[in-house]
Amino acid sequence: MTTEAILKALSNVQEPDLGKDLVTLNMVKDIVINGDAVSFTIVLTTPACPMKDLMSRASENAIKLLVNKNAKVTVNFTANTTSTRKDDQKVLGGVKNIIAVVSGKGGVGKSTISANLALALAEGGASVGLMDADIYGPSVPIMFGVRGARPMMKEVNGKGMIVPLDKFGIKLMSIGLLVDEKNAVVWRGPMASSAIRQFVTEVDWGELDYLVIDMPPGTGDIHLTLMQTVPVTGAVIVTTPQNVALADAKKGIAMFSQAQINVPIIGLIENMAYFTPAELPNNKYYLFGKEGGRKLAEEYDLSFLGQIPLVQTIREGGDDGVPAMVGNDELTKEAFRNFTAQTVRNIAMRNANLPQTSLIEVV
């Protein structure tokens, strides 16, 4: 066996999402050959890549078929998360991908989706932050069991910076950590927008593969402020199956599709897709209609990221400060893992095939 022969064999192994082989994509590193034993490292586009096992098996088969049928193949993995930021990177300079989770209306479980997306990304090995940008109705302190906690301050390059909380392996920031939860945040639009700018310019987020931003419902000042302040990699649209929610989800899709904004939509996730009682885990009851989110995704030619069931444990976990991804219900964990896997794949394809992210200019 030679290095050249190994590379030639691996040139037949495709990266499933990017549509090119591992060698062309320069994803093969550190080939070591010792008799019949060969080891090498595949550099993934994200630590949370759902295709690791598939690429490992395909690589082993290629070497045994084309190089040495007795080869003992060891495939290692590392990751260099892709990013296509196009700015001076003075703001959130260490953050590779900024994901906005949005909905046209409230009550569709957007915060639940954001929290468990962030946790599932971290479970896959990515470094992740979660910013609660819902100024008027912050949910993160309750959902992560950090009510009453206050972030610390530190000095970075002579400037005072807020240190986000660390919980379940991800960094958290919310207006609910700065304001007494008994007090209403009665702010006009400019003040709310100023708070969002502070969350991205005066919080020490550090080095992150993904920053998930739980956006407020609707299409307004805060959304525009965020996209004018940092280059957003893409948006995840959250809806429930019924027509009322779908009608508002269309407004969210329309906002990100406007020519002057043109932020890529990573896909659409249907939350509360069906009810499954704990005692009948194989039963599905479509309380809010059936397949509405899937049909909307097809109508707008968007990627459908999956369905999240309406399960009692999801609600209980959110109220008790233990989100589904760190709970004990494997059914809901699997739903969120599948959704996150598809989201990660779409982000990698977006970074490989679409123009660089940049700040928008809206008058």
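The paragraphs below set out a description of the structure included in this document. Each chain has its residues counted from 1, running along the sequence as written. For this predicted model, a pLDDT threshold of at least 70 governs which residues receive local features, and a threshold of 80 or more governs which side-chain atom pairs are given and counted, while totals over whole chains, interfaces and linings are taken from all residues. By convention in this description, side-chain values take in all heavy atoms of the structure and omit both hydrogens and water.

1. Considering the sheet that holds strand β2 (residues 37-44)
Here is step 1: Pairing between strands requires that DSSP locate at least two bridges from one strand to the other. We count a stretch as a helix when DSSP gives it H or I for four or more residues in a row; a strand needs E for two or more, and each element gets its number in order from the N terminus. The sheet built from three strands is open, its strands ordered β1-β2-β3 with mixed pairing. At either end of the open sheet lies a strand with only one pairing partner, and these are β1 (28-34) and β3 (72-79). Going across the sheet, the axis of each strand differs from the next one's by a mean of 15 degrees, ignoring polarity.
Here is step 2: Where β2 meets β3, eight bridges bridge the pair, whose relative direction is parallel. The residue of β3 that forms the bridge with V38 is V73.
Here is step 3: Throughout, a contact is declared for two residues whenever any of their heavy atoms are within 4.5 Å. Orientation is described by axes fitted as lines to C-alpha atoms, over the contacting stretch for helices, and by angles from 0 to 180 degrees between their N-to-C directions. Contacts from helix α1 (residues 3-10) reach β1 and β2, with the element oriented near 130 degrees to β1.

2. What about the pairing of strand β9 (residues 170-174)?
Here is step 1: Burial classification: accessible surface area is computed with a 1.4 Å probe over protein chains only, and a residue below 20% of its type maximum counts as buried, one above 50% as exposed, and the rest as partly exposed. Burial within β9 is extensive, with four of its five residues counted as buried.
Here is step 2: With four bridges connecting them, strand β5 (residues 128-132) and β9 associate as parallel partners. Within β9, the position partnered with G129 by the bridge is K171.
Here is step 3: For strand β8 (residues 165-167) and β9, the ladder comprises three bridges, and the chain directions are antiparallel. Bridge pairing in β9 links K167 to I170.
Here is step 4: Hairpin geometry of β8 and β9 is characterised by an intervening segment of two residues between the two adjacent antiparallel strands and by a positive phi of about 55 degrees at F168.

3. Here's the deal with helix α3 (residues 110-123)
Here is step 1: To estimate the expected span of a helix, count its residues, drop one, and scale the result by 1.5 Å. In this model α3 runs 20 Å from its N-terminal to its C-terminal C-alpha over 14 residues, within 8% of the 20 Å that 1.5 Å per residue would give.
Here is step 2: Extensive coverage of α3 is indicated by the burial of 13 of its 14 residues.
Here is step 3: At the exit of α3 stands G125, carrying a positive phi of roughly 105 degrees.

4. A word on the sheet that holds strand β13 (residues 304-310)
Here is step 1: On the basis of which strands lie adjacent, the open sheet formed by eight strands has the order β8-β9-β5-β10-β4-β11-β12-β13 and mixed pairing. At either end of the open sheet lies a strand with only one pairing partner, and these are β8 and β13. Adjacent strand axes in the sheet meet at a mean angle of 25 degrees, parallel and antiparallel pairs treated alike.
Here is step 2: Summarising the sheet, strand β4 (residues 95-102) and strand β11 (residues 234-239) pair through four bridges and their orientation is parallel. Looking at β11, one finds that V102 is bridged to I237.
Here is step 3: Lying over the sheet, helix α10 (residues 330-353) contacts β4, β10 (208-214), β11, β12 (265-275) and β13, oriented at roughly 160 degrees with respect to β13.

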